[in-house]
Amino acid sequence: MNIEKVAVIGAGVMGASIAAHISNAGIPVVLLDIVPENASDRSIIAKTAVEKLLKADPPPLMHPGNIRLITPGNIEDDPGLLADVDWVIEAVVEQPQVKQSLYRKLETVCTKDCLISSNTSTLPLSLLTQDMPDSFRQRFMITHFFNPPRYMRLLELVSGPETRPELTAAVTRFADVRLGKNCIACKDTPGFIGNRIGIYWLLCGLHEAIELNVSVEVADAAISAPFGIPKTGIFGLLDLVGLDLVPHILKSMEQALPKTDAFHQVGRLPEVVRNMIESGHTGRKGKGGFYRLNEAGGKRVKEAVNLATGDYRVSEKPDLSLLQEAQKKGAQSLLSSPDPAALYARRVMAKTLAYAAGLVPEISDDITAIDAAMRDGFNWKLGPFQLIDQIGVGWFAGALHEDHLPVPPLLAMKQPLYKAESGQLHYLDLTGAYRSVPSVEGRLLLADIKRQGPSLLENRSASLWDIGDGVACLEFHSKLNTLDMESMKLIRQSVDKVSESYKALVIHNDAEHFSAGANLGLLMEAIHRSDWHAVEQLIQEGQQTYKALKYASFPVVAAPSGLALGGGCEILLHCDAIQAHAELYTGLVEVGVGLIPGWGGCKEYLRRWLAFPKRPGGPIPPVVKAFQTISMATVSKSAADAKELLFLSRNDGITMNKDRLLFDAKARAISLAENYTPPSPPVFPLPGKTVKILLSMGVKAYRLLGKATEYDVEIGDKLATVLSGGNTDITTPLSEDDLLALECEAFVALVKQPGTLARLEHMLKTGKPLRN
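Residues numbered from 1 in each chain as written. Predicted model: local features only at pLDDT ≥ 70, side-chain atom pairs only at ≥ 80, totals over all residues. Heavy atoms only, no water.

Undergrad: How would you sum up the overall build of the protein? Please name residues and give values.
TA: Helix and strand counts for the protein stand at 31 helices and 25 strands. Expected size for 772 residues packed as a compact globule is a radius of gyration near 28 Å; at 28 Å, the protein falls within 12% of this value. Buried residues in the protein amount to 53% of all 772 residues. For the protein, the share of sequence-separated contacts (at least 6 apart) that also reach a separation of at least 24 residues comes to 70%. Across the protein, the mean location of the 80 positive side-chain charges is 3 Å away from that of the 87 negative side-chain charges. (Helix = DSSP H or I, 4+ residues; strand = E, 2+ residues; numbered from the N terminus. Rg over C-alpha atoms; globule rule 2.2 N^0.38 Å. Buried < 20%, exposed > 50% of the residue type's maximum accessible area, 1.4 Å probe, protein only. Contact = heavy atoms within 4.5 Å. Lys, Arg positive; Asp, Glu negative; His and termini not counted. Charge placed at Lys NZ, Arg CZ, Asp CG, Glu CD.)

Undergrad: Help me get a handle on a positive patch on the surface, residues and values and all.
TA: The grouping of Lys231, Arg284, Lys302 and Lys768 at the surface amounts to a positive patch. Topologically, Lys231 is positioned in the loop between helix H8 (216-223) and helix H9 (235-241). (Patch = residues over 30% accessible without salt bridge, like charges linked within 9 Å, V, L, I, M, F, W, Y side chains within 5 Å. Areas by Shrake-Rupley, 256 points an atom, 1.4 Å probe, with all protein chains shown as cover. Salt bridge = Lys/Arg side-chain N within 4 Å of Asp/Glu carboxyl O.)

Undergrad: I'd like a rundown of the packing of helix H24 (residues 601-611) against helix H30 (residues 736-751), residues and numbers included.
TA: Where H24 contacts H30, the two axes come as close as 8 Å, and the packing angle between them is 130°. Comparing the axis directions of H24 and H30 gives the class oblique. Of the residues in H30, those in contact with Gly601, Cys602, Lys603, Glu604 and Leu606 of H24 are Glu736, Leu739, Leu740 and Glu743. (Axes fitted to C-alpha atoms, helices over the stretch in contact; angles between N-to-C directions. Parallel < 35°, antiparallel > 145°, perpendicular 65-115°, else oblique.)

Undergrad: Any details on the side chain of Asp429? Residues and values, ideally.
TA: Examined against the element boundaries, Asp429 turns out to sit in the loop between strand S13 (424-428) and strand S14 (434-436). In this structure Asp429 comes out as buried when scored by relative accessible area, which is 6%. At a separation of 2.7 Å, a polar atom in the side chain of Asp429 contacts the side chain of Arg435. In this view, Asp429 contacts Leu410, Met413 and Arg435; residues no more than four positions away in its chain are not counted. (Polar contact = N/O pair within 3.5 Å; in protein donor to acceptor, adjacent residues only side chain to side chain.)

Undergrad: Can you lay out helix H25 (residues 620-631) for me, pointing to particular residues and giving the numbers?
TA: With twelve residues, H25 should cover 16 Å at 1.5 Å per step; its first-to-last C-alpha distance of 16 Å lies within 8% of that length. By the burial criterion, the buried members of H25 are Pro622, Val623, Ala626, Phe627, Thr629 and Ile630. Buried residues along H25 sit in contact with H24, helix H28 (689-704) and helix H29 (710-724). Looking one or two places after H25, you find Ala633, whose phi comes out positive at around 50°. (Expected span 1.5 Å × (residues − 1).)

Undergrad: Please provide a residue-by-residue account of empty space enclosed by the protein, values included.
TA: Enumeration according to the criterion identifies two cavities of 30 Å³ or more in this entry. If you add up the space inside the second largest cavity, you get close to 30 Å³. Elements that contribute at least two residues to the lining of the second largest cavity include exactly helix H14 (340-358) and helix H17 (393-402). For the lining of the second largest cavity, the leading source of residues is H17, giving three residues. (1 Å grid on protein atoms, 1.4 Å probe; cavity = no way out; pocket = protein on both sides within 12 Å on 5 of 7 lines; lining within 4 Å. Points joined across faces, edges and corners; volume = space filled by probe spheres on them.)

Undergrad: Account for the pairing of strand S10 (residues 299-305), naming residues and giving values.
TA: Where strand S9 (residues 291-296) lies against S10, six bridges are found, and the strand directions are antiparallel. Residue pairing in the sheet places Arg292 in a bridge with Glu303 of S10. Taking the residues that link successive antiparallel strands as the turn, the S9-S10 hairpin has two residues, and the phi of Gly297 there is positive, at about 65°. Alignment of S10 against strand S11 (residues 312-314), held across three bridges, turns out to be antiparallel. Across the sheet, Val305 pairs through a bridge with Tyr312, a residue of S11. (Pairing = 2+ DSSP bridges.)

Undergrad: Give me the nonpolar core: which residues, what numbers.
TA: Ranked by size, the top nonpolar core spans 107 residues in total, and within it Trp201, Phe235, Phe290, Tyr344, Phe385 and Leu417 carry the most contacts. It is H14 that contributes the most residues to this core, twelve residues altogether. Those residues in contact with Trp201 that sit more than four places away from it in its chain are Ile223, Ile229, Gly233, Ile234, Leu237, Val348, Met349, Thr352, Phe378 and Trp380. One finds Ala462, Ile507, Leu520 and Leu606 within the second-largest nonpolar core, a separate group that totals 81 residues. (Core = buried A, V, L, I, M, F, W, Y, C linked by side-chain atoms within 4.5 Å.)

Undergrad: Can you tell me about the sheet that holds strand S12 (residues 418-421), naming the residues and giving the values?
TA: Strand order across the open sheet formed by three strands is S12-S13-S14, with antiparallel pairing between neighbours. Edge positions in the sheet fall to S12 and S14, since each has one partner strand and no second. On average, adjacent strands in this sheet sit at an angle of 40° to one another, irrespective of strand direction. In the sheet, S12 pairs with S13 via four bridges, with the strands oriented antiparallel. Bridged to Glu421 within S13 is Gln424.

Undergrad: Give a description of the packing of aromatic side chains that names residues and reports values.
TA: In the structure shown here, the tally under the stated rule is 13 aromatic pairs. Between Phe476 and Phe514, the ring centres sit 6.1 Å apart and the planes meet at 70°, which makes this aromatic pair edge-to-face. Taken together, the residues span a long stretch of sequence, with Phe476 in strand S17 (residues 471-476) and Phe514 in the loop between strand S18 (504-507) and helix H21 (520-528) at a distance of 38 residues. For Phe514, a relative accessible area of 2% translates into the label buried. An aromatic cluster is defined as three or more aromatic residues linked by ring pairs; in this entry it consists of Phe146, Trp201, Phe378 and Trp380. Its guanidinium or amino end placed over the ring of Tyr434, Lys419 lies 4.2 Å from that ring's centre, counting from NZ or CZ. (Phe/Tyr/Trp six-rings, centres within 6.5 Å; stacked < 30°, edge-to-face > 60°. Lys NZ or Arg CZ within 6 Å of the ring centre and 35° of its normal.)

Undergrad: Quick one: what's the story with the pattern of salt bridges, residue by residue and with numbers?
TA: The full count for this structure, using the stated rule, is 47 salt bridges. Here Asp176 and Arg660 are joined by a salt bridge, their closest N and O atoms 2.8 Å apart. Residue Asp176 is located in helix H6 (residues 165-177), and its partner Arg660 is located in the loop between strand S23 (653-655) and helix H27 (661-673); the two are separated by 484 residues in the primary sequence. Looking at Asp176, the relative accessible area reads 6%, which means it is buried.

Undergrad: Got a sec to walk through unusual backbone geometry? Specific residues and values, please.
TA: Residues Asp57 and Pro58 are joined by a peptide bond in cis, for which omega reads 0°. Position of Pro58 among the secondary structure elements: in the loop between helix H2 (44-53) and strand S3 (70-74). Backbone torsion omega between Asn147 and Pro148 reads 0°, so that peptide bond is classified as cis. Of note in the backbone geometry, Phe192 takes a positive phi value of approximately 55° without being a glycine. By the element assignment, Phe192 lies in the loop between strand S8 (182-185) and helix H7 (194-212). Since its relative accessible area comes to 1%, Phe192 is described here as buried. For Asp469, which is not glycine, the phi torsion reads 60° and is therefore positive. For Asp469, the position within the fold is in the loop between strand S16 (462-466) and S17.

Undergrad: Please give an account of the packing of H21 against helix H22 (residues 532-550) that cites residues and values.
TA: Between H21 and H22, whose axes approach to 8 Å, the crossing angle comes to 155°. With respect to H22, the element H21 is oriented roughly antiparallel. Facing H21, whose interface residues are Leu523, Ala526 and Ile527, H22 presents Trp532, Ala534, Val535 and Leu538. For the contact of H21 with H22, the class distribution of residues is seven nonpolar, no polar and no charged. (Nonpolar A, V, L, I, M, F, W, Y, C, P; charged D, E, K, R; others polar.)

Undergrad: Let's hear about H24: which residues, and what values?
TA: The buried count for H24 comes to nine of eleven residues, which makes it a mostly enclosed element. For H24, the complete set of buried residues consists of Gly601, Cys602, Lys603, Glu604, Tyr605, Leu606, Arg608, Trp609 and Leu610.

Here you go:
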């Protein structure tokens, strides 16, 4: 079964967002809702929901044009829109009677092979299918998307005993390949996997902070970075979810779970939270929650709730020294400390991890599914069982015993929960046996490669790996994958190695971000010494390294995900092809630190615009386009947006599922390797001073309007010189090396300026650009 058209019934925030993400996959989607009373436009609910998609933050659409794939309507007048859909997703109010009434209507209008699913997070499949005909039960399942659907990778799938296996397989495949989801098969139990553990964790963290008199700031710091959990922690996440949802979740779980379940020990609403909800302090969507921004003295001041009194106070940054030390030594050192923050972390994580371990096999027979659910549903870097392994199973079991907590059978064996044998990862089951972690066709991770043997080349900033079939993979692994001279050295060595023994190279890493750009610390050292020759060497080394990559005797394919900024974007521009993850945020952002792209970024980005299908106006419009994008430090909002900005070419590919990115890039590299010849050096017919004057006038106009700063004008002048070709005219085309020389000259001139030094220092100190 192929899924080529989808319908979503229920145009609330969640339903509309699901529809938006389906459109991100290039799939037509129908969005229907009820007809409101006395409405002049009977489809106004769905139409309004579609309009809101363009204004939502974070944006649910990967490109605004995707909205054309969404057809709004209403369930009373437009059942005919469902006649040719392959999958209907129900996302209406969490009331069984309402859902079943809809299902009976769908039975009459959908084809017999149309899959129907519910996005419910609380109601069991057995209840939803009760008294429904066999024909419905055979095509029904639960597909629980996590919010927001575009960004959260987890899709929990619950099939019934009568659900047709081919429908389950079709949704699993579609969700994986087209929607980029990690589709986890769940048992039909309350809260499934993610919410069953996640809600317990949140409530446990809330109650322990109150009992131990730990501030929300300390609690969130203690529970986040040391365990690879997002910095929102407990209280920031509750603010994001909305405190007004907590009572509904509590009621649902309380009714569904047996009295023996440990959830009931934390499943109550503290008075401070009840008062916050009553006063409208429900989180980010209300007047604020555990945190809020308040106007004081003409400034916005971050405040936090005092959990003992319910009053707001100015938020205080906690002492992070203990937590930073724990990150170096490991979570076990933190959990062993008598410090109040450490005690809080121990209580919350010990109970949560033990709770997760005790749910095997109730919610899943496979601990890898539980780990994946918490990684992809709550953005934990490691799942519960991976965390226990990292802490130490024996030590953790002993800590539970010390704290008078039950030790689940899986942990009582005191064996590692995961282990690698012959390059294959295995997990422990309840019998004490190890089972192979199943592989999925079309997925490939560097983590899998690393278990199979040592790297081909390696230094502190980068490594080269053999990923099979004559293809090597270059991996950056410095902090934020920033690029330095060690990176450049390994790129050069990789070019030589691949030339000798391989047929293609992929540049990729498994990290959250491809590369945050050049290591600015190296540049600052040279600036403080006024060593301008060292700066020049730094730029020329990067230029020549990227040029060697571009003209290598083999194809080079970049496979980026997340941030690819500055020097990280420049390396993409020098590759033969890019296979990008759909969530790619790339751009030449150097002006934010008072610089221009210096490793060939100006040259390569300009080349792309000059090669773009010709428009009236000769060479000036491409120069203006390149100038606008670089001078505004424009960053793509997705891979689709990167194509429009020309950071990706028309022929570059986009992969929705990050776990498939390396596999797809490798396949692209292999295809390019057949009869490969390096690209021919480009020439640049540039208009010189004519267009430079035009660009400079534009920047000065922006300055007069208050949209550019005084130093923006200085940077703009240097950038305009490079992109216009300097002292040339259209009759004398420039070479690649001419453009690189202009880049280097402008870069070195800017690093000598106090304005650039101020921007660099501010960025390194705060992580934010300075507007000087």
